[in-house]
Amino acid sequence: MPVLAPARVTSNAQISDILYWITFQSPEIVASSRPGQFVHMINSDSQDPLLRRPYSLSAIDQESARASILYHAVGRGSEWLAGRRPGDLIDSLGPLGSTFEFAPGSQRVLMVGGGIGMGPLIALAGDAETAGIECVLLNGARSAEGLVPPEFIPVSTEFHAATDDGSFGAKGSVVDLVERWFGWCDQVFACGPNPMLRALEVSVKRLSPVHSSARKPVQMALEARMACGVGVCYSCVHPTRRGPKRVCTEGPVFDMRELLWDWESGI
């Protein structure tokens, strides 16, 4: 169950030209947090911004009651977060949302992250390392400045990158790298903007056997604008084969086979 609790900042650093990494301590929230979930944070000293902002958990250390968030400062909420200093308290609600799950018997997993969609995958890669599961993590971004520095990736994880402009790693979409490891893995996890996830679905279907029952499990964490974060306002609904689903509660993690990408296809 999510709890409303203060998160005490222990560190907050800019790790590239556009990416930031903040770590906070909150025993009440971290104790039940898992990869895929998020926290809803707000500036309790001001009404600007008025609403909470959702941030995926990028590292979870339950022993120290600490968790981290990968983010970039693109609006009033994240710019405010970038100004927090060690010792500051942040009014936080969490953990919220659904979680990634390793399928029984999975020994090799492929993870595909775009932009700050890398956040929950870094946390999941940490769980894979603990469980002795081999992991390949693919990071895509527009340019090198949007890639996560390697020191934030678990040491046992094989890390590869692609950039739209070719400034680092392969030039092009990170989805173009999937074919190399798809036959190797038992399961696929992904998080990023919807166009990337749609392209990944096309690639997975092309690379999979004809019979759908033989397809590898693919879990996708969606990104969405949220107001309440607890399923009341319905501002983050996404079309699925079972009707509209709230990203904040039924998600953000969904089985790829459930997802639709436009409302017309769900009617």
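Data block above holds the structure.
Residues numbered from 1 in each chain as written. Predicted model: local features only at pLDDT ≥ 70, side-chain atom pairs only at ≥ 80, totals over all residues. Heavy atoms only, no water.

What follows covers the layout of surface pockets. A volume near 1,400 Å³ is recorded for the largest pocket. H72, V74, I116, G117 and E223 are the residues nearest the centre of the largest pocket, which is lined by 48 residues in total. Put simply, the parts of the chain that give the lining of the largest pocket at least two residues each are β4 (53–56), β6 (66–71), α2 (76–82), α3 (118–131), β9 (134–141) and α5 (194–207). Counting residues per element, the lining of the largest pocket draws most heavily on β4, which supplies four residues. Partitioned by chemical class, the residues of the lining of the largest pocket number 24 nonpolar, 17 polar and seven charged. As a volume, the second largest pocket reaches approximately 190 Å³. Residue lining of the second largest pocket: 14 residues in total, with I60, A123, G126, D127 and T130 positioned closest to the centre. If you list the elements that add at least two residues to the lining of the second largest pocket, you get β5 (59–61) and α3. Partitioning the lining of the second largest pocket into residue classes produces six nonpolar, five polar and three charged. (1 Å grid on protein atoms, 1.4 Å probe; cavity = no way out; pocket = protein on both sides within 12 Å on 5 of 7 lines; lining within 4 Å. Points joined across faces, edges and corners; volume = space filled by probe spheres on them. Helix = DSSP H or I, 4+ residues; strand = E, 2+ residues; numbered from the N terminus. Nonpolar A, V, L, I, M, F, W, Y, C, P; charged D, E, K, R; others polar.)

On to the sheet that holds strand β2 (residues 20–25). Taken in spatial order, the seven strands line up as β4-β3-β7-β1-β2-β6-β5 in an open sheet, and their pairing is antiparallel. Each having just a single partner strand, β4 and β5 make up the two edges of the open sheet. For this sheet, the mean angle separating the axes of adjacent strands, direction not counted, is 35 degrees. In the sheet, β5 pairs with β6 via three bridges, with the strands oriented antiparallel. Within the sheet, the bridge partner assigned to D61 lies in β6 and is R66. (Pairing = 2+ DSSP bridges. Axes fitted to C-alpha atoms, helices over the stretch in contact; angles between N-to-C directions.)

Attention now moves to the pairing of strand β10 (residues 158–163). The pairing of β9 with β10 spans six bridges and is classified as parallel. The residue bridging L137 from the neighbouring strand is F159, located in β10. Of the pairings in the sheet, the one linking β10 to strand β11 (residues 170–171) comprises two bridges and is parallel in character. Along β11, the bridge assignment pairs A162 with A170.

In this section: α3. For α3, with 14 residues, the first-to-last C-alpha span of 20 Å sits near the 20 Å given by 1.5 Å per residue. One or two positions beyond α3, positive phi appears at G132, with a value near 75 degrees. (Expected span 1.5 Å × (residues − 1).)

One pass over the structure, following the stated rule, counts five aromatic pairs. Here Y20 and Y71 contribute two aromatic rings whose centre-to-centre distance is 5.2 Å and whose plane-to-plane angle is 20 degrees, an arrangement assigned as stacked. Separated by 51 residues along the polypeptide, Y20 in strand β2 and Y71 in strand β6 bring together distant segments of the chain. Each member of the pair, Y20 as well as Y71, carries the same accessibility label: buried. Judged by centre distance (5.5 Å) and plane angle (90 degrees), the ring pair of F100 and F189 falls under edge-to-face. (Phe/Tyr/Trp six-rings, centres within 6.5 Å; stacked < 30°, edge-to-face > 60°. Buried < 20%, exposed > 50% of the residue type's maximum accessible area, 1.4 Å probe, protein only.)

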